[in-house]
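Commentary on secondary and tertiary structure
Here's the letter readout for the chains.
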Amino acid sequence: YPKGTSIVSLTPGRKQFTVKWNKQATQTTGYQIQCCTDKSFKSNVKMVTVNGTAYTSRKVTVSKAKTTYYVRMRTFKKNASGALYYSGWSAVKSVKTK
């Protein structure tokens with residue numbers, strides 16, 4: 001399984017926020033970011049996939065302004081046969097949109 005990563009910062013914007021994370025170039029094909037208004041990630045979860053390891057930030061557009069979103073992320077590795085392997089989720093951080 002690939003090594004995990006951690007969220008460095010969350011910068012709020014109007015109906016959006018920017019996620020910055022620590023680069024994980026070894027054993028990794030890309031990143032997955034999950035955001036939700038529910039702290040337990042049970043409903044209305046938005047998933048953003050970032051293919052490649054060259055990026056260390058991503059802007060995520062959400063539907064509500066002035067709302068607290070909870071964010072977590074993980075890395076994934078795709079092998080030659082197409083199977084995906086995931087790291088564990090990072091610690092959950094929160095951001096309030098403007």
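The structure under discussion appears in the preceding block.
Treat the numbers as computed from the prediction; the structure is a model and nothing was measured.

Observations regarding the pairing of strand S6 (residues 68-78)
Of all 11 residues that make up S6, eight are buried, and the element is covered over most of its length. As paired elements, S6 and strand S8 (residues 93-96) share four bridges and run antiparallel to each other. Residue pairing in the sheet places Tyr 70 in a bridge with Ser 94 of S8. A loop of five residues connects S6 with strand S7 (residues 84-86), the two strands running antiparallel in sequence, and Gly 82 in this loop sits at a positive phi of about 95°.

Focus: the nonpolar core
Counting 16 residues, the largest nonpolar core has Phe 17, Val 19, Ile 33 and Val 71 as its most contacted members. When residues of this core are traced back to their parent elements, those giving at least two are strand S1 (7-13), strand S2 (16-21), strand S3 (30-36), strand S4 (46-51) and S6. Residues within four places of Phe 17 in sequence aside, it is in contact with Leu 10, Thr 11, Pro 12, Cys 35, Arg 58, Lys 59, Val 60, Val 62, Tyr 69, Val 71, Val 95 and Thr 97.

Thoughts on unusual backbone geometry
In this structure, Gln 27 is a non-glycine residue whose phi angle is positive, near 60°. Judged by its relative accessible area of 42%, Gln 27 is partly exposed. The residue Phe 41 is not glycine, and still its phi comes out positive at about 60°. For Phe 41, the position within the fold is in the loop between S3 and S4.

Examining the side chain of Arg 74
Counting through the fold element by element, Arg 74 comes out in strand S6. Salt bridges are absent for the buried Arg 74, whose nearest opposite-charge side chain, Asp 38, sits at 16 Å. Setting aside residues no more than four positions away along its own chain, Arg 74 makes contact with Gly 30, Tyr 31, Gln 32, Tyr 86, Ser 87, Gly 88 and Trp 89.

Focus: the packing of aromatic side chains
Scanning the entire structure with this criterion turns up four aromatic pairs. Each ring, one from Phe 17 and one from Tyr 69, has its centre 6.2 Å from the other, and the planes form 35°; the classification is tilted. Remark: Tyr 69 occurs in strand S6 and Phe 17 occurs in strand S2; sequence separation between them is 52 residues. With a relative accessible area of 0%, Phe 17 lands in the buried category. Taking relative accessible area as the criterion, Tyr 69 reaches 6% and is therefore assigned buried. In this structure, Arg 72 is placed above the aromatic ring of Trp 89, and the distance from its NZ or CZ to the ring centre is 4.3 Å. Above the face of the Tyr 86 ring, Arg 74 is positioned so that its terminal group lies 3.9 Å from the ring centre.

Definitions and cut-offs
- Positions within a chain are numbered from 1, following the residues in the order the chain's sequence is written.
- Predicted model: local features are reported for residues with pLDDT of at least 70 only, side-chain atom pairs are reported and counted for 80 or more only, and whole-chain, interface and lining totals are derived from all residues.
- Derived side-chain values reflect all non-hydrogen atoms in the structure, with water molecules and hydrogen atoms excluded from consideration.
- In this scheme, a residue with accessible area under 20% of its type's maximum is buried, one over 50% is exposed, and one in between is partly exposed, where area comes from a 1.4 Å probe on protein chains only.
- The secondary structure listing takes helices from DSSP runs of H or I that are at least 4 residues long and strands from runs of E that are at least 2 residues long, numbered from the N terminus.
- By the convention used here, strands pair only if DSSP detects at least 2 bridges between them.
- What is meant by a nonpolar core is a set of buried Ala, Val, Leu, Ile, Met, Phe, Trp, Tyr and Cys residues, joined one to another through side-chain atoms within 4.5 Å.
- Residues are treated as being in contact if the distance between any of their heavy atoms lies within 4.5 Å.
- Charged residues are defined narrowly, with Lys and Arg counted positive, Asp and Glu counted negative, and His plus the chain ends left uncounted.
- What counts as a salt bridge is simple: a side-chain nitrogen of Lys or Arg found within 4 Å of a carboxyl oxygen of Asp or Glu.
- The pairing test for Phe, Tyr and Trp rings, Trp by its six-membered ring, is centres within 6.5 Å, and the orientation test on the planes gives stacked under 30 degrees, edge-to-face over 60, and tilted for anything in between.
- A positively charged side chain is recorded as over a ring if its NZ (Lys) or CZ (Arg) lies within 6 Å of the ring centre. The angle to the ring normal must also be within 35 degrees.

Read these as spatial facts, not as claims about activity.
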